Amino acid sequence: MSDLVSYDLDASSGVATITMDDGKVNAQSPAMLRALSAALDRAEDEASVVVLTGREQIFSAGFDLKVFQERPEELGEMITLGARLNERLLGFPRPVIATVNGNAIAAGAFLALSADVRIGVEGPFRIGMNEVLIGLTVPVAFVELARHRMAPAHFDRALGLAEMYSPEDAVEAGFFDRVVVPDELAAATRDAAATAAGLNLDAHAAMKLRVRAPVLEAMAAAIESELDPSVSF
């Protein structure tokens with residue numbers, strides 16, 4: 001589909017697998033974010049279930065730091081695209097399974113939080129938001145997402161203290177629903193996808209919007225007021 005994002009549809013099961021792979025840490029550059037949106041456009045038309053994953057041992061390490069350091073004129077676009085992607089995933093009309101096969105840091109952790117089912121993998125990986133550690137303040141749209149998905153006891157610690165979690169501890173914090181050993185990750189993803197595919201998709205989409213209406217409205221308002229509402233996919 002692009003050099004950054006691949007799309008694979010299993011027509012027999014209706015499962016579309018979207019894989020991020022920039023050859024490095026899956027930095028969420030404007031190009032990566034637009035490619036993910038294009039993949040979701042296709043999945044919305046073709047698939048019953050979406051699996052979102054990354055390259056080996058890395059889901060995503062967050063926004064592209066080269067934009068912060070070398071291309072500041074793209075910064076507003078990148079952050080707004082990231083917020084819109086999370087908002088879209090949270091309200092996506094198909095079930096979304098995040099197979100977090102490694103590190104999920106900063107914007108990568110928020111991307112995982114946006115999925116309906118989050119499966120992590122055991123290993124020496126880091127999960128969390130390190131923004132304040134590197135001098136960044138998380139925009140309100142992302143804060144609202146974390147408030148909705150994370151365990152209250154970990155919400156302040158993760159955002160305000162930049163606490164990083166092991167995959168196992170990330171379950172208690174609310175980043176993941178469960179963690180499996182690497183050899184079981186593919187099977188766990190297939191099982192989760194099969195379960196999701198058995199849902200009535202119209203009811204799933206309607207209930208998702210009903211349950212998540214407050215956070216989706218809060219995210220939309222924050223994008224409008226704090227970020228660049230003119231940026232769109």
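The text that follows walks through the structure, step by step, so that each part is easy to find.

### Observations regarding the side chain of Glu131
Looking at the element boundaries, Glu131 is found in the loop between β8 (127-128) and α5 (140-149). One buried charged side chain, Glu131, makes no salt bridge at all; its nearest oppositely charged neighbour is Arg126, positioned 11 Å away. Sequence-distant contacts of Glu131, defined by excluding residues within four places in its chain, comprise Ala106, Ala107, Phe110, Leu136 and Val138.

### Focus on the pattern of salt bridges
As enumerated under the stated definition, the model contains twelve salt bridges in all. Here Asp21 and Arg55 are joined by a salt bridge, their closest N and O atoms 2.8 Å apart. Within this pair, whereas Asp21 is found in the loop between β2 (15-20) and α1 (30-46), its partner Arg55 is found in the loop between β3 (49-54) and β4 (57-60), the two being separated by 34 residues in sequence. Using a relative accessible area of 26% as the deciding quantity, one classes Arg55 as partly exposed.

### As for α1
Taking 1.5 Å of rise per residue, the 17 residues of α1 would be expected to cover 24 Å, and the 24 Å separating its terminal C-alpha atoms lies within 8% of that figure. Inspection of α1 places Pro30, Met32, Leu33, Ala35, Leu36, Ser37, Ala39, Leu40 and Ala43 among the buried residues, and these make up the whole buried set. Buried residues along α1 sit against β1 (5-10), β2, β3, α2 (65-70) and α3 (75-90).

### A word on helix α9 (residues 201-226)
By the largest-angle criterion, Arg212 marks the main kink of α9, which is about 70 degrees, and a proline, Pro214, follows within four residues. Within α9, the full set of buried residues consists of Leu201, His204, Ala205, Lys208, Arg212, Val215, Leu216, Met219, Ala222 and Ile223. On its buried face, α9 is in contact with α3, α5 and α8 (185-197). At the N-terminal boundary of α9, the capping side chain belongs to Asn200, with an oxygen 3.1 Å from the backbone nitrogen of Asp202.

### Considerations on the sheet that holds strand β6 (residues 102-105)
Strands sit in the order β4-β6-β8-β9 across an open sheet of four strands; the sheet is mixed. Edge positions in the sheet fall to β4 and β9 (164-165), since each of these pairs with one other strand and no more. Where β6 meets β8, two bridges bridge the pair, whose relative direction is parallel. The residue bridging Ile105 from the neighbouring strand is Gly128, located in β8.

### Topic: the packing of aromatic side chains
With the rule as written, the count across this model stands at three aromatic pairs. Judged by centre distance (6.0 Å) and plane angle (90 degrees), the rings of Phe63 and Phe142 are edge-to-face. Remark: Phe142 occurs in helix α5 and Phe63 occurs in the loop between β4 and α2; sequence separation between them is 79 residues. Residue Phe142 is classed as buried on the basis of its relative accessible area, which comes to 3%. Taking 5.6 Å as the distance between ring centres and 55 degrees as the angle between the ring planes, the aromatic pair formed by Tyr165 and Phe175 counts as tilted. A residue pair is termed long-range when its members are at least 10 positions apart, and Tyr165 in strand β9 and Phe175 in the loop between α7 (167-173) and β10 (178-180) qualify at ten residues. Taking relative accessible area as the criterion, Tyr165 reaches 4% and is therefore assigned buried. Here a set of aromatic residues connected by ring pairs shows up, and it is made of Phe63, Phe110 and Phe142.

### Describing the sheet that holds β10
Here six strands make up an open sheet; going across it, the order is β1-β2-β3-β5-β7-β10 and the pairing mixed. Each end of this open sheet is capped by a strand with a single partner; those strands are β1 and β10. Along the sheet, successive strands turn relative to each other by an average axial angle of 20 degrees, direction set aside. Inspection of the sheet shows β2 paired to β3 by six bridges, in the parallel sense. Among the inter-strand pairings, Ala16 is bridged to a residue of β3, identified as Val50. Packing against the sheet, α8 makes contact with β2, β3, β5 (96-100), β7 (117-121) and β10, and its axis sits at approximately 175 degrees to β7.

### A word on the environment of Ala141
Secondary-structure assignment places Ala141 in helix α5. Along the chain, Ala141 and Asp169 lie 28 residues apart, while their C-alpha atoms are 24 Å from each other.

### A few points about unusual backbone geometry
The phi angle at Asn26 is positive, at roughly 55 degrees, despite the residue not being glycine. Within the secondary structure, Asn26 is located in the loop between β2 and α1. Looking at Asn26, the relative accessible area reads 0%, which means it is buried. Although it is not a glycine, Ala162 sits at a positive phi angle of roughly 55 degrees. On the secondary structure map, Ala162 appears in the loop between α6 (152-160) and β9. Residue Ala162 is classed as buried on the basis of its relative accessible area of 8%.

Quick notes on the rules
- Residues numbered from 1 in each chain as written.
- Predicted model: local features only at pLDDT ≥ 70, side-chain atom pairs only at ≥ 80, totals over all residues.
- Heavy atoms only, no water.
- Helix = DSSP H or I, 4+ residues; strand = E, 2+ residues; numbered from the N terminus.
- Buried < 20%, exposed > 50% of the residue type's maximum accessible area, 1.4 Å probe, protein only.
- Lys, Arg positive; Asp, Glu negative; His and termini not counted.
- Salt bridge = Lys/Arg side-chain N within 4 Å of Asp/Glu carboxyl O.
- Contact = heavy atoms within 4.5 Å.
- Expected span 1.5 Å × (residues − 1).
- Bend = angle between axes of the 7 residues up to and from the residue.
- Polar contact = N/O pair within 3.5 Å; in protein donor to acceptor, adjacent residues only side chain to side chain.
- Pairing = 2+ DSSP bridges.
- Phe/Tyr/Trp six-rings, centres within 6.5 Å; stacked < 30°, edge-to-face > 60°.
- Axes fitted to C-alpha atoms, helices over the stretch in contact; angles between N-to-C directions.

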